[in-house]
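The residues making up each chain are set out below.
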Amino acid sequence: MSIAEKYAATADEHGDRAAARVYRRSAAAFPVDGPPDSPGAQYAELARHAAATGDHETAMRLLAQAAEAGEHAKVLAIVQEASLLCTADADVPNAHAYYALGLELAGEPDRIRLHDLPAARPELTALYAALTGGDGAAIVVLAELRNTGHFEAACQTVIAVAMARAEADPDSARGLLRPVAEMAPPEQAVRAWNELGSLADDADEAVHAYERAAAIEHPAAHTALRHLIRTLYEQDRPADTALFADRATATGDPLTVAHGHRLLGLLREKQDDLDGAMREFRLGIAAAQVINESEFPGELRLDLARLLQRQGNTETAMAEVEHVLAAAGTERLRAKAVTYRGNIAVLSGDLATACEAFAQVALMNGDDDVAEWADGAANNLLGIANSAYGDGRHDLAVQALTLAARTGKRDLAIGVVEARTTELAEAGDTAAALRYLDAGLGFPLEPKEEIRLADLCGTVGEPDRAREIFERLAGHPDETVQLIAGSRLVDPSDGDATPDPAARWLRADDLVDAGEYAEAREILTPLIEGDSHVVQHARLSLGRTYHEEDPARARELYLAAIETPGGRSDQVVEMAKMYLGSLAKQARDWPEALRWYQAVIDSGSAGNGPMAAAHLGELAYWQGDRDSAVRFYELCLAMGTDNAELIGESAYRAGEIRHAQGDLPAAAAHLSRALDAGHEGFADQARILLTRLND
């Protein structure tokens, strides 16, 4: 982010949208990416910078050069950007000049409509000048033009400038639009109210604006009426929605009639009147036949398909979906229709067809709406995988996971493969487990992910396959990958056959985590002596293998880890102190526990400090020392942690003690915090004690 963009964000935070706009204008004058690949793209980028700094003559010359080099899409985008930029500044001549350039160089710019531009008339020069100052001056000039032949053009100009400013400064836009809405001729008044509805801060304000627009006698009011009934429906106002939807069906405007029937259909569907809803949808489809646009009629047919499926008419429902797909003109409508195909297949029990449909949507590219459908479809693939697994249909589950792994849900798909492989192997179904593991190893994997899956090969009877993977990755250019893969090749019975001490220690530490203490000790025992850089780590890991079995031996090793000469790891020292504190806590040795846990607290450790304080609080609580217990529990809370169990226990125990001491405000505060932490056990106890406090 550039300095100018940071200043713009700060100005936004302080509500100074005008300043934010100035800073964003400055930010646009500097390249944000590396140099474009082609000369044409370079011309386009330079043109964008020139337009942002007000050098419009240079910008237009560069745009012409970019168009000659074939960069028509970039030219069109910059033409729109620059035209709106000039409109926001009430620079009417240049706004139109960019529009004309777009027409000349790139054909009809679909994203620039002529009514989005201010009117270009010499008689409006005073209005242009006023629009560069405060909003009030512009409205005064507009009012003076009220009884002239230029009033409609003046209103169009003010609306255009307001909407060009709306994104950066919505308050200014509303300040310009409200007077126009009250004084303008019907067409401009409708548009002003409609735009006010789109800029409204809340639903009631939007409804008021759309209702004012819809009440004006002009064909443009149909658009506002459509916005009104949609807003009322979204605000769950069924009576008002029905009232205005009925009015929409009587307008005679095909698109508005169709919208009215659709909203009436949605209302009836909510009321479980499926026959009535289908009747409204069919009336909407009939009205929409003359509309020169595929999106909305397609939406209506998908609504009908949904109801047909609810009534069990699967074939007819699927036929409606296929009808939509045959005529779909946008990727968004295709994504929705194919998702419906998948949904119908799921409800019909045809998970294989559903899987194919969701996979198609999950791999679609497009705007935010398409991305949302794609994300939902990828989630549906994971849902099918889970459902198929539950039914024992492992081939289908693996197919769904394989498809999901090609989407943004790859990490989740890998996790599911790991879980299913482990569950099935433990259940003795090695063949099924192997299906999932084979699929997972075929996913696009990072080296560390491949190592995780290779770790499972032994559970399905394929240790040689795992070894092949580890040997290959041991030669990976990334040293961390080399180390992890190399550690998997360590065999306790091989002694020092693996020369890298770090790889041997890492393998042993994994064995400690898995509870395989005897094998871990075979590797670790030779590593705790000498001058290897892992001696300290090995002493800590070996101590962990004796923690429960032989506390004295464990203590000796933890102390040795702390006292290891040479380059020491602060993290190992900290963990050794935590384990020494744990041994003392188990032995109910308060002075010894205090020695080690307090050392961790005093080190300022954000990770283990709160845990050390909580351990001391718990030990004091066990020993009946309530003063020490509450002191350390409150210290844990003051140090800060996001561990729900730690917060829940510390806050509940502190609240319990403060309650017993008669400090009811402190008790209530602690108990409320325990409740908010959300840890089930302590939250329930806190709730009970809070109830007693409030009685």
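Parameters at a glance
- Residues numbered from 1 in each chain as written.
- Predicted model: local features only at pLDDT ≥ 70, side-chain atom pairs only at ≥ 80, totals over all residues.
- Heavy atoms only, no water.
- Helix = DSSP H or I, 4+ residues; strand = E, 2+ residues; numbered from the N terminus.
- Rg over C-alpha atoms; globule rule 2.2 N^0.38 Å.
- Buried < 20%, exposed > 50% of the residue type's maximum accessible area, 1.4 Å probe, protein only.
- Contact = heavy atoms within 4.5 Å.
- Areas by Shrake-Rupley, 256 points an atom, 1.4 Å probe, with all protein chains shown as cover.
- Lys, Arg positive; Asp, Glu negative; His and termini not counted.
- Charge placed at Lys NZ, Arg CZ, Asp CG, Glu CD.
- Salt bridge = Lys/Arg side-chain N within 4 Å of Asp/Glu carboxyl O.
- 1 Å grid on protein atoms, 1.4 Å probe; cavity = no way out; pocket = protein on both sides within 12 Å on 5 of 7 lines; lining within 4 Å.
- Points joined across faces, edges and corners; volume = space filled by probe spheres on them.
- pLDDT = per-residue confidence, 0-100.
- Core = buried A, V, L, I, M, F, W, Y, C linked by side-chain atoms within 4.5 Å.
- Phe/Tyr/Trp six-rings, centres within 6.5 Å; stacked < 30°, edge-to-face > 60°.
- Lys NZ or Arg CZ within 6 Å of the ring centre and 35° of its normal.
- Expected span 1.5 Å × (residues − 1).
- Polar contact = N/O pair within 3.5 Å; in protein donor to acceptor, adjacent residues only side chain to side chain.
- Axes fitted to C-alpha atoms, helices over the stretch in contact; angles between N-to-C directions.
- Parallel < 35°, antiparallel > 145°, perpendicular 65-115°, else oblique.
- Left-handed = near helix turned anticlockwise from the far one by under 90°.
- Patch = residues over 30% accessible without salt bridge, like charges linked within 9 Å, V, L, I, M, F, W, Y side chains within 5 Å.

Asker: Looking at this structure, I do not really get the overall build of the protein chain. What am I missing?
Answerer: In terms of regular secondary structure, the protein chain is built from 38 helices and zero strands. A compact globule built from 695 residues would reach a C-alpha radius of gyration of about 26 Å, whereas the protein chain, at 35 Å, exceeds it by more than 25%. Seen through its principal axes, the protein chain has C-alpha atoms that stretch 100 × 70 × 60 Å. Within the protein chain, the proportion of its 695 residues that are buried is 47%. A separation of at least 24 residues holds for 51% of the contacts in the protein chain among residues at least 6 apart in sequence. Just so you have it, the protein chain exposes about 32,800 Å², and 49% of that area is on carbon and sulfur atoms. Averaging the positions of the 64 positive and the 112 negative side-chain charges in the protein chain gives two centres separated by 2 Å.

Asker: For this particular structure, what's the right way to read the pattern of salt bridges?
Answerer: As a working rule, side chains carrying opposite charge can pair if their charged atoms are close by. Here the structure, examined in full by the defined rule, presents 45 salt bridges. Glu-182 serves as the salt-bridge partner of Arg-212, at 3.3 Å between the closest nitrogen and oxygen. Taken as a pair, Arg-212 in helix α12 (residues 203-214) and Glu-182 in helix α10 (residues 170-183) lie far apart in primary sequence, 30 residues in all. Looking at Arg-212, the relative accessible area reads 33%, which means it is partly exposed. Glu-299 is the partner of Lys-336 in a salt bridge, and the nearest nitrogen-oxygen pair spans 2.4 Å. Taken together, the residues Lys-336 in helix α19 (residues 331-347) and Glu-299 in helix α17 (residues 295-310) connect sequence positions 37 residues apart. Comparing Lys-336 with Glu-299 shows no difference in burial state: the two are buried. Taken together, the shared-partner salt bridges in this structure form one network comprising Arg-262, Glu-269, Asp-272, Glu-295, Glu-299, Asp-303, Arg-306, Arg-310, Arg-332 and Lys-336.

Asker: When you look at the environment of Arg-341 in this model, what are you seeing that I'm missing?
Answerer: Tracing the backbone shows Arg-341 in helix α19. The sequence separation of Arg-341 and His-227 amounts to 114 residues, and the corresponding C-alpha distance is 29 Å. When neighbours within four sequence positions are excluded, Arg-341 is seen to be in contact with Met-318, Val-321, Glu-322, Leu-325, Ala-357 and Gln-360.

Asker: Hey, could you run me through the environment of Leu-347 in this one?
Answerer: Tracing the backbone through its elements, the reader meets Leu-347 in helix α19. Separated by 170 residues in the primary sequence, Leu-347 and Tyr-517 place their C-alpha atoms 51 Å from one another.

Asker: Any chance you could explain empty space enclosed by the protein here in plain terms?
Answerer: With a probe scaled to a water molecule rolled over the atoms, the places where space remains empty come into view. Overall, the coordinates contain one cavity of 30 Å³ or more when judged by the stated rule. Taken as a whole, the largest cavity holds about 40 Å³ of empty space. Around the largest cavity, the lining residues are Arg-48, Ala-51, Ala-52, Ile-78, Glu-81, Ala-82 and Leu-85. Secondary structure elements with two or more residues in the lining of the largest cavity: α3 (39-52) and α5 (72-88). Considering every element that reaches the lining of the largest cavity, the biggest residue donor is α5, with four residues.

Asker: Before we go on, may I ask you to explain unusual backbone geometry in this structure?
Answerer: In most cases, non-glycine residues show a negative phi, while peptide bonds are predominantly trans. The phi dihedral of Asp-236 falls on the positive side, at around 55°, and the residue is not glycine. For Asp-236, the location among the structural elements is in the loop between α13 (221-234) and α14 (238-249). Phi is positive for Arg-588, close to 60°, though the residue is something other than glycine. Tracing the backbone through its elements, the reader meets Arg-588 in the loop between α32 (570-586) and α33 (590-602). What makes Arg-588 partly exposed here is its relative accessible area of 44%.

Asker: I tried to follow the confidence of the model for the protein chain on my own but got confused; where do I start?
Answerer: Interpretation of this model should avoid reading the predicted coordinates in detail wherever pLDDT is low. Residues at a pLDDT of 70 or more form 91% of the protein chain, whose mean pLDDT is 87. With pLDDT under 50 throughout, residues 1-5 is counted as low confidence; its partners more than four residues away or in other chains account for seven contacts. Contacts from residues 23-35, a stretch scored under 50 in pLDDT, to residues over four places away or in other chains number 24 contacts.

Asker: Would you explain the side chain of Gln-188 in this entry?
Answerer: You can see Gln-188 is positioned in helix α11 (residues 186-198). By relative accessible area, which is 9% here, Gln-188 ends up buried. Each residue touching Gln-188, except ones within four places of it in the same chain, is listed here: Glu-152, Cys-155, Gln-156 and Ile-159.

Asker: Is there a simple way to think about the nonpolar core in this case?
Answerer: Looking at soluble globular proteins, one finds that nonpolar side chains tend to be buried together. Ranked by size, the top nonpolar core spans 127 residues in total, and within it Val-321, Leu-381, Ile-384, Leu-401, Phe-443 and Leu-524 carry the most contacts. When residues of this core are assigned to their parent elements, the largest contribution, nine residues, is made by helix α21 (residues 368-390). Once residues lying within four places of it in the same chain are set aside, the contact partners of Val-321 are Leu-302, Ala-305, Ala-337, Tyr-340, Arg-341 and Ile-344. Counting residues in hydrophobic clusters, the runner-up holds 39 residues, among them Ala-130, Phe-151, Leu-199 and Ala-221.

Asker: Help me out: how do you make sense of the environment of Asn-379 in this one?
Answerer: By secondary structure assignment, the location of Asn-379 is in helix α21. The class for Asn-379 is partly exposed, based on a relative accessible area of 34%. C-alpha separation for the pair Asn-379 and Ala-404, spaced 25 residues apart in sequence, amounts to 7.9 Å.

Asker: For this particular structure, what's the right way to read the packing of aromatic side chains?
Answerer: Between two aromatic rings, the relevant description is the distance of the centres plus the angle of the planes. Counted according to the given criterion, the structure contains four aromatic pairs. Ring centres 6.4 Å apart and planes at 35° place the aromatic pair Tyr-652 and Phe-682 in the tilted group. Of this pair, Tyr-652 sits in helix α36 (residues 644-660) while Phe-682 is found in helix α38 (residues 680-694), placing the two residues 30 residues apart along the sequence. Per residue, the accessibility class of Tyr-652 equals that of Phe-682, and both read buried. One cation-aromatic arrangement involves Lys-270 over Tyr-233; the distance from NZ or CZ to the ring centre is 4.7 Å. Residue placement shows Arg-521 over the ring face of Tyr-546; its charged tip is 3.9 Å from the ring centre.

Asker: Hey, could you run me through α21 in this one?
Answerer: Because each turn of an α-helix spans 3.6 residues, side chains separated by three or four positions in sequence point in the same direction. When the terminal C-alpha atoms of α21 are compared, their 33 Å separation across 23 residues agrees well with the 33 Å that a helix rising 1.5 Å per residue should span. Buried residues of α21: Val-370, Ala-374, Ala-377, Ala-378, Leu-381, Leu-382, Ile-384, Ala-385, Ala-388 and Tyr-389, and no others. Buried residues in α21 make contact with α19, α20 (351-362), α22 (394-404), α23 (410-426) and α24 (430-441). The backbone nitrogen of Asp-369 has a side-chain oxygen 3.1 Å away, supplied by the residue at the start of α21, namely Asp-367.

Asker: Any chance you could explain the packing of helix α34 (residues 609-622) against α36 here in plain terms?
Answerer: Two packed helices can be described by the angle between their axes and the distance between those axes. For the pair α34 and α36, the least separation of the axes is 11 Å and the interaxial angle reads 40°. Taken together, the axes of α34 and α36 are oblique relative to one another. In the crossing of α34 with α36, the sense of the turn from one axis to the other is left-handed. For the pair α34 and α36, the contacting residues are Pro-610, Met-611, Ala-614, Glu-618 and Tyr-621 in the first and Leu-646, Glu-649, Ser-650, Arg-653, Glu-656 and Ile-657 in the second.

Asker: Explain α17 to me, please; I cannot follow it from the model alone.
Answerer: Compared with an ideal rise of 1.5 Å per residue, which puts 16 residues at 22 Å, α17 spans 23 Å between its outermost C-alpha atoms and is within 8% of the ideal. When you tally the buried positions in α17, you get 14 out of 16 residues, the bulk of the element. Gly-312 sits one or two positions beyond α17 and adopts a positive phi of about 90°.

Asker: Sorry if this is basic, but what is going on with a negative patch on the surface here?
Answerer: Judged by side-chain charge, Asp-367, Asp-368, Asp-369 and Glu-372 come together as a negatively charged surface patch. For Asp-369, a relative accessible area of 38% puts it in the partly exposed group.

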